[in-house]
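So you can see what is in the structure, the chains are spelled out below.
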Amino acid sequence: DLSKSGVPRRLRAAKRVIVAQAGAGRYKVAILGAAGGVGQMLSLLVKMSPLVSALHLYDIANVEGVAADISHCNTPAEVAGFTGKDELAGSLSGADVVVIATGVPRKPGMTRDDLFGINAGIVKELVEAVADHAPGALVHIISNPVNSTVPVAAEALKQKGAYDARKVFGVTTLDVVRANAFVAARKGLPLADVDVPVVGGHSGTTILPLLSKARPKAPFTDEEVEELTARIQNAGTEVVEAKAGAGSATLSMAYAAARFVEASLRGLDGDGDVYECAYVQSQVVPELPFFASRVKLGKDGVEEEVGSELRGISEYEARALEALKPELKASIDKGVAYVQQQQ
Ligand code: NAD
Ligand code: LMR
């Protein structure tokens, strides 16, 4: 009874168990903004991970109740709540992964960039604390506008002499999750099999799903490509409008962020086969120092930018890639300039 790789299934199962035991409950995850819409649900999902031994929940208010509530789940991770700036250092101490889900969400009529004025400063302040209290941690940035907050974080860490490009991520997993869901529904494919790489950035037309590289291979008409691409690019706004002033995606975001945390922990744990799309410091497109594409996750974060999915893309995708460059570059420059101007 051989699996696709030719390894007997029973042996593969046994190996998985050993790997799971080796990594069982070894990692400390800190979630900043844990009392928020994304943060609460993400905290619950991360509490369910067998790889997590300690879960630190930080927010400026209302976090103790969240921590008490989640701590009653009978899964191994020990939960602790940290409230207010005085407790930020304690929340970060020893963290392997720090997730930043703080700041304000959009309301109808707003762009993600409209959040820059508030969220950039919060992200800067928090990554400076990460440099001091959790050097070496992987930093997952959810706070919008991701296209700019990641360059803000990178530049702030550089100023502190604590930047490791392999360890700073903009979380774009929700774009992949949406692309997979919409493509599976449209093409009648089994959900579990669908994998659509999404590259570029995380805002409007900078979100570029590569339907030509979707797995399993499926034929798309030009009309399907246009409709699916537009739906994936506008999916955040679809939720913002449906919530009608009560915020943006929280539940699907938490699901996506939990997937990215788990993938990162598996990478730290030595699993040699972990790939996710993420917005990172990049060499894939020379004009864009930050870019989302598929990366290999390993013991020190990004082990390799795969980049190959950009080879042989369709003409439609190649045009969309050209078209997104000026906006993404401007968002990157805005983030870098914000930090440099404050020096
Ligand atoms: P929310 O308002 O429900 O929660 C934000 C939390 O951040 C609040 O609990 C608030 O107290 C906390 N906070 C604010 N300033 C803080 C600080 N200085 N330190 C610590 N905590 C602080 O918002 P939300 O719906 O959870 O969204 C959070 C962020 O995530 C927004 O910027 C939103 O745009 C972004 N988001 C990104 C994606 C993505 O795909 N990357 C998806 C969904 C939401
Ligand atoms: C999303 O894609 O849902 C998030 O970036 C939140 C938003 O503002 O759309």
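Per an unreviewed UniProt entry, the protein chain is named malate dehydrogenase, and its organism is Digitaria exilis. The Sequence similarities (unreviewed entry) comment attached to the protein chain in UniProt states, word for word, "Belongs to the LDH/MDH superfamily. MDH type 1 family."

Asks: Break down the overall build of the protein chain for me, citing the residues and quoting the values.
Replies: Helices and strands together make up the secondary structure of the protein chain, namely eleven helices and eleven strands. For a compact globule of 343 residues, the expected C-alpha radius of gyration is about 20 Å, and the protein chain comes in at 20 Å, within 12% of that figure. With the C-alpha coordinates aligned to their principal axes, the bounding extent of the protein chain is approximately 55 × 55 × 40 Å. Scored against the burial criterion, the 343 residues of the protein chain give a buried share of 47%. Put simply, 68% of the contacts in the protein chain that link residues at least 6 apart link residues at least 24 apart.

Asks: Please provide a residue-by-residue account of the site of ligand 2, values included.
Replies: All residues in the neighbourhood of ligand 2 are listed as Pro 105, Arg 106, Arg 112, Asn 144, Leu 174, Gly 236, Val 239, Val 240, Ser 248 and Ala 249. The element best represented in the shell around ligand 2 is helix 9 (residues 235–243), accounting for three residues. The class makeup of the residues in the shell around ligand 2 is five nonpolar, three polar and two charged.

Asks: If you had to explain unusual backbone geometry to someone new, which residues and values would you point to?
Replies: For the bond from Asn 144 to Pro 145, the omega torsion is -5 degrees, close enough to zero to count as cis. Residue placement: Pro 145 occurs in the loop between strand 5 (138–141) and helix 6 (146–159). Cis geometry is adopted by the peptide bond preceding Pro 216, which originates at Arg 215 and carries an omega value of -10 degrees. In this structure, Pro 216 sits in the loop between strand 8 (207–209) and helix 8 (222–233).

Asks: Any details on the packing of helix 7 (residues 173–187) against helix 8? Residues and values, ideally.
Replies: Relative to each other, helix 7 and helix 8 sit at 145 degrees, their axes nearing to 10 Å. The two elements helix 7 and helix 8 cross, and the hand of that crossing is right-handed. Across the interface between the two elements, Asp 175, Arg 178, Ala 179, Phe 182, Val 183 and Arg 186 of helix 7 pack against Glu 224, Leu 228, Arg 231 and Ile 232 of helix 8. Broken down by class, the residue content of the contact of helix 7 with helix 8 amounts to five nonpolar, no polar and five charged.

Rules behind the numbers
Residues numbered from 1 in each chain as written. Chains lettered and ligands numbered in written order. Predicted model: local features only at pLDDT ≥ 70, side-chain atom pairs only at ≥ 80, totals over all residues. UniProt positions renumbered as here; feature names shortened; annotations may be inferred. Helix = DSSP H or I, 4+ residues; strand = E, 2+ residues; numbered from the N terminus. Rg over C-alpha atoms; globule rule 2.2 N^0.38 Å. Buried ≥ 20, exposed ≤ 12 C-beta atoms within 10 Å, placed from the backbone. Contact = placed C-beta atoms within 7 Å. Near = placed C-beta within 6 Å. Nonpolar A, V, L, I, M, F, W, Y, C, P; charged D, E, K, R; others polar. Axes fitted to C-alpha atoms, helices over the stretch in contact; angles between N-to-C directions. Left-handed = near helix turned anticlockwise from the far one by under 90°.

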